[in-house]
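# Fold and contact review
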Amino acid sequence: MMESKVTVVIPFYNPGAYILEALDSVYAQTYKDWKIILIDDGSTDDTVAKIKDYLEDPRIKLVRHSQNMGQSKSMNSGLNLVETPFLIQLDADDWFYPYTLEVLLKETKKVTNPDEIAVFSGNINLVYKTSVDSEATRNSKKFKFNPTTKKLEWLKPRVKSRVIKGRSFQERYEFLLANSSVWPRFYRTTALQLIGGWPVDDPYEGRYAEDIRVLSRLIEHYRFHCVDKALLNHRRHNKNQTNNIQVYRDIMEWIVWDSLKRWGDEYEPIFTTKAGWTSLTGLRPKSKD
């Protein structure tokens with residue numbers, strides 16, 4: 001077996017059966033020499049019992065927080081244990097394509113000046129379920145008769161999806177004005193170590209928008225490189241943190257102000273709010289008076 005190049009860090013809090021799909025997508029990878037660090041952020045459900053069989057694999061480590069600490073602190077717990085040159089975050093309700101790790105690792109060797117790149121990413125497939133999830137459907141006893149198998153089969157929920165194209169970033173203001181993250185986030189471990197991991201000094205202690213926070217720190221020192229290929233499936237459902245529009249509006253504005261101040265305090269942000277969401281639409285030079 002080759003020396004492992006990548007660790008998949010999976011933070012979770014009461015994820016239910018979704019985490020099994022996330023884990024299975026790692027096992028399905030064409031690149032096999034991976035490691036997994038699971039961060040149980042104070043779950044109160046039976047997730048650990050659900051994943052018991054996976055924990056027998058020596059490639060998998062489980063870290064358990066005694067209480068819920070939030071996404072950034074969970075990722076920092078994982079970072080402290082990473083021994084591979086790259087790590088990739090996989091949220092417990094998302095899943096990889098079978099080729100995701102192989103494509104990203106090959107890209108690290110294709111690019112010019114790879115050490116200047118902190119994050120490799122691609123396109124993301126947003127998956128929306130238009131009816132109840134599979135477990136609820138199964139329990140509701142909504143079945144249909146399959147004339148081919150001559151058996152009753154439970155009705156699978158209808159699913160729709162759309163691919164969002166990612167992009168590369170060369171410069172910090174370019175990233176900030178994009179009002180966007182990158183997916184999946186395939187980090188260079190040394191880059192994360194350089195900035196001290198995920199920041200937790202915001203008003204929510206890193207619980208929200210942890211991706212934008214860490215990316216806004218990394219872009220100060222590195223570039224972000226995107227592969228034009230769908231590499232992550234992201235499940236949209238009513239428990240996504242981004243559904244809390246007010247909190248995300250507050251934290252995103254805080255991140256912009258914090259970044260601009262850290263970058264020399266030369267500009268003031270121009271925000272536009274639409275349908276409750278706030279975007280950075282411009283920068284104006286600060287008055288010298």
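Presented here is an overview of the structure given in this document.

Definitions and limits used
Residues numbered from 1 in each chain as written. Predicted model: local features only at pLDDT ≥ 70, side-chain atom pairs only at ≥ 80, totals over all residues. Heavy atoms only, no water. Helix = DSSP H or I, 4+ residues; strand = E, 2+ residues; numbered from the N terminus. Buried < 20%, exposed > 50% of the residue type's maximum accessible area, 1.4 Å probe, protein only. Contact = heavy atoms within 4.5 Å. Areas by Shrake-Rupley, 256 points an atom, 1.4 Å probe, with all protein chains shown as cover. Lys, Arg positive; Asp, Glu negative; His and termini not counted. Salt bridge = Lys/Arg side-chain N within 4 Å of Asp/Glu carboxyl O. Polar contact = N/O pair within 3.5 Å; in protein donor to acceptor, adjacent residues only side chain to side chain. Core = buried A, V, L, I, M, F, W, Y, C linked by side-chain atoms within 4.5 Å. Pairing = 2+ DSSP bridges. 1 Å grid on protein atoms, 1.4 Å probe; cavity = no way out; pocket = protein on both sides within 12 Å on 5 of 7 lines; lining within 4 Å. Points joined across faces, edges and corners; volume = space filled by probe spheres on them. Nonpolar A, V, L, I, M, F, W, Y, C, P; charged D, E, K, R; others polar. Expected span 1.5 Å × (residues − 1). Axes fitted to C-alpha atoms, helices over the stretch in contact; angles between N-to-C directions. Parallel < 35°, antiparallel > 145°, perpendicular 65-115°, else oblique. Left-handed = near helix turned anticlockwise from the far one by under 90°. Phe/Tyr/Trp six-rings, centres within 6.5 Å; stacked < 30°, edge-to-face > 60°. Lys NZ or Arg CZ within 6 Å of the ring centre and 35° of its normal. Right-handed = clockwise from strand over helix to strand, strands pointing away.

Along the backbone of the protein there are 9 helices and 13 strands. Looking at the protein as a whole, 46% of its 289 residues qualify as buried. Sequence separation of at least 24 residues holds for 76% of the intrachain contacts in the protein that already meet a minimum separation of 6. When the accessible area of the protein is evaluated, it comes to approximately 15100 Å², of which 50% is carbon and sulfur surface.

Another aspect to go through is the side chain of D94. Structurally, D94 can be placed in the loop between β4 (86–89) and β5 (95–96). For D94, which is buried and forms no salt bridge, the nearest opposite charge comes from R235, at a distance of 5.9 Å. Engagement of the side chain of D94 in a polar contact is seen with the side chain of H234, the distance being 3.0 Å. Sequence-distant contacts of D94, defined by excluding residues within four places in its chain, comprise A22, L232, N233, H234 and R235.

Now for the side chain of S216. Positionally, S216 belongs in helix α8 (residues 210–218). Residue classification places S216 among the buried positions, given a relative accessible area of 1%. S216 has contacts with F175, I255, S259, R262 and W263, leaving out every residue within four places of it along the chain.

Before going further, it helps to examine the nonpolar core. In this structure, L87, Y187, L218 and F224 are the most contacted members of the largest nonpolar core, which totals 36 residues. Elements that contribute at least two residues to this core include exactly β2 (34–41), α3 (71–79), β6 (117–129), α6 (172–178), α7 (189–194), α8 and α9 (245–262). Considering every element that reaches this core, the biggest residue donor is α9, with 6 residues. By size, the runner-up hydrophobic cluster in this structure holds 33 residues, among which are V8, A22, W34 and F186.

What follows is about the pairing of strand β13 (residues 277–285). Strand direction decides the pairing type here: strand β12 (residues 267–274) and β13, joined by 8 bridges, are antiparallel. Across the sheet, the residue bridging to K274 is W277, located in β13. Taking the residues between adjacent antiparallel strands as the criterion, β12 and β13 are bridged by 2 residues, where A275 takes a positive phi near 55 degrees.

Approximately 170 Å³ is the volume attributed to the second largest pocket. A per-element tally of the lining of the second largest pocket places helix α4 (residues 100–110) first, with 5 residues. Of the residues that constitute the lining of the second largest pocket, the class distribution is 4 nonpolar, 1 polar and 5 charged.

What follows deals with α9. Taking 1.5 Å per residue as the helical rise, α9 with its 18 residues ought to reach 26 Å, and the 25 Å between its terminal C-alpha atoms agrees with that figure. Within α9, burial applies to V247, Y248, I251, I255, V256, S259 and L260. Looking at the buried positions of α9, the neighbouring elements they touch are α6, α8, β12 and β13. Just downstream of α9 lies G264, where phi reads positive at about 115 degrees.

Okay, the packing of α8 against α9 next. At a minimum axis distance of 10 Å, the contact between α8 and α9 shows a crossing angle of 15 degrees. What the angle tells us is that α8 and α9 run roughly parallel. Handedness of the α8/α9 crossing: right-handed. Of α9, the residues touching α8 (which contributes I212, R213, S216 and R217) are M252, W254, I255, D258, S259 and R262.

Inspection of the entire model under this criterion finds 14 aromatic pairs. Ring geometry for Y187 against W198: centres 5.4 Å apart, planes inclined by 80 degrees, an arrangement best described as edge-to-face. With Y187 in strand β10 (residues 183–188) and W198 in the loop between α7 and α8, this pair connects stretches of sequence that are 11 residues apart. You'll find Y187 and W198 in the same group, each marked buried. Feature note: the residues Y27, W34 and Y54 constitute an aromatic cluster, connected by ring pairs. When the ring centre of W34 is taken as reference, the NZ or CZ atom of R59 above it lies at 3.8 Å.

Below, the discussion takes up the pairing of β2. Counting buried residues along β2, 7 of its 8 residues qualify, which places the element largely inside the surrounding structure. Relative to β2, strand β1 (residues 6–12) runs parallel, the two being bridged by 7 bridges. What sits directly across from P11, in β2, is I39. Between the parallel elements β1 and β2, the chain passes through helix α1 (residues 18–27) in a crossover that is right-handed. Looking at chain direction, β2 and strand β3 (residues 60–65) are connected through 6 bridges and run parallel. Within the sheet, the bridge partner assigned to D41 lies in β3 and is H65.

Don't take any of this as a statement about function, it's just geometry.
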